[in-house]
Amino acid sequence: MGYLKLVVKESLRLHPSGVLIPGQSSTITNVKGYHIPAKTRVLINVWSVHRDPKEWEKPDEFIPERFLNNPIDFKGQDFKYIPFGSGRRGCPGISFGMAIVEIAIANLLYWFDWKTPGGEDLDMREGFGVTVNKKIPLELVPISHFSS
Ligand code: HEM
């Protein structure tokens, strides 16, 4: 289960469910030289924050071990990793969401091995949408660990 947590963290880094988080500036502010007036609609591009090469080593590679012995968590305190957003409007369902994801994946892996129909690699390209989705729907063949 320890490694599964790292895998989920890394999956949410590479494929955050909310790619663009909408918000509005409450006061005049300045972000890295960009003047932002009050009440401006802003979109936080989580996808690119999570793949920023200045912040992440080998940003496009799936490396769950990067979160091993790493204090970074889901709470949005560290702005380079914000799969659940951050601040007052951050996701209130973090614990519930993580529990569901972990239980579902742990069960799928406990009962079955999985392979692609033709043994091909997974196509991880994303489609366009408000929330993340796979460009090509996932198709897998389950192989039971237990004979009936
Ligand atoms: C893996 C699962 C989930 C992910 C990745 C996720 C992600 C997010 C993100 C990115 C936001 C926007 C945060 C922001 O604006 O800064 C959000 C908001 C929200 N989420 Fe989740 N969420 C998940 C599960 C859940 C669950 C299980 C619930 C409720 C049971 C939930 C309830 C909400 C609500 C109510 C908001 C709006 C909060 C507000 O605007 O004040 N989420 N979530």
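Source: prediction; values computed, not measured.

The rules behind each value
- Residues numbered from 1 in each chain as written.
- Predicted model: local features only at pLDDT ≥ 70, side-chain atom pairs only at ≥ 80, totals over all residues.
- Heavy atoms only, no water.
- Helix = DSSP H or I, 4+ residues; strand = E, 2+ residues; numbered from the N terminus.
- Contact = heavy atoms within 4.5 Å.
- Lys, Arg positive; Asp, Glu negative; His and termini not counted.
- Charge placed at Lys NZ, Arg CZ, Asp CG, Glu CD.
- Near = heavy atom within 4 Å.
- Polar contact = N/O pair within 3.5 Å; in protein donor to acceptor, adjacent residues only side chain to side chain.
- Nonpolar A, V, L, I, M, F, W, Y, C, P; charged D, E, K, R; others polar.
- Donors = N, O, S within 2.8 Å, 3.2 Å for Na, K, Ca; no water.
- UniProt positions renumbered as here; feature names shortened; annotations may be inferred.
- Buried < 20%, exposed > 50% of the residue type's maximum accessible area, 1.4 Å probe, protein only.
- Salt bridge = Lys/Arg side-chain N within 4 Å of Asp/Glu carboxyl O.
- Core = buried A, V, L, I, M, F, W, Y, C linked by side-chain atoms within 4.5 Å.
- Patch = residues over 30% accessible without salt bridge, like charges linked within 9 Å, V, L, I, M, F, W, Y side chains within 5 Å.
- Areas by Shrake-Rupley, 256 points an atom, 1.4 Å probe, with all protein chains shown as cover.

The helix and strand inventory of the chain stands at three helices and six strands. Listing every helix and strand of the chain by position from the N terminus yields α-β-β-β-β-α-α-β-β. Judged by the C-alpha coordinates and their principal axes, the chain covers about 65 × 30 × 30 Å. Once local pairs closer than 6 in sequence are excluded, the contacts in the chain between residues at least 24 apart make up 59%. The averaged location of the 16 negative side-chain charges in the chain is 10 Å from the averaged location of its 18 positive side-chain charges.

A separate point is the site of the ligand. Inspection of the region around the ligand gives 13 residues, with Ile21, Phe84, Ser86, Arg89 and Cys91 positioned closest. Within the backbone of serine 86, a nitrogen or oxygen atom sits 3.3 Å from an oxygen atom of the ligand. Arginine 89 places a polar side-chain atom, nitrogen or oxygen, 2.7 Å from an oxygen atom of the ligand. Its residues assigned to classes, the shell around the ligand shows six nonpolar, six polar and one charged.

What follows concerns the coordination of the iron atom of the ligand. In this structure the iron atom of the ligand is ligated by exactly one protein donor, Cys91 (SG), at 2.3 Å. If you trace the backbone, cysteine 91 turns up in the loop between α2 (46-49) and α3 (94-111).

Take histidine 50: it is sitting in the loop between α2 and α3. Within the structure, the side chain of histidine 50 is placed 3.3 Å from the backbone oxygen of leucine 12, a separation counted as a polar contact.

Moving on, we come to unusual backbone geometry. In this structure, lysine 32 is a non-glycine residue whose phi angle is positive, near 50°. By secondary structure assignment, the location of lysine 32 is in the loop between β2 (29-31) and β3 (34-36). Non-glycine residue lysine 58 carries a positive phi angle of around 45°.

Moving on: the UniProt feature "binding site: heme" (unreviewed entry) in the chain. In the numbering used here, UniProt assigns the feature "binding site: heme" (unreviewed entry) to Cys91. Overall, cysteine 91 belongs to the partly exposed group, its relative accessible area being 33%.

Once that is clear, we can look at the pattern of salt bridges. Side chains carrying opposite charge are able to pair once their charged atoms draw close together. This structure, assessed with the given rule, holds six salt bridges. In this structure, glutamate 102 engages lysine 5 in a salt bridge whose closest nitrogen and oxygen atoms are separated by 3.1 Å. Highlighted residues: glutamate 102 in helix α3 and lysine 5 in helix α1 (residues 2-14), separated in sequence by 97 residues. Taking the relative accessible area as the measure of exposure, lysine 5 reaches 42% and is therefore partly exposed. Salt bridges sharing partners connect three or more residues here, namely Glu10, Arg13 and Arg66.

Turning next to the nonpolar core. Of all hydrophobic cores here, the largest spans 12 residues; its members are Leu4, Leu6, Val8, Leu12, Trp56, Phe67, Ile72, Phe74, Tyr81, Phe84, Ile94 and Met98. When residues in this core are grouped by element, the largest group, four residues, is from α1. Once residues lying within four places of it in the same chain are set aside, the contact partners of isoleucine 94 are Phe74, Lys75 and Phe84.

To continue, consider a nonpolar patch on the surface. Residues Val101, Ile105, Leu108, Leu109, Trp114, Leu122, Met124, Leu138 and Leu140 make up a contiguous nonpolar surface patch of roughly 750 Å² in combined accessible area. When you line up the elements, methionine 124 lands in the loop between β5 (112-115) and β6 (141-144). For methionine 124, a relative accessible area of 42% puts it in the partly exposed group.

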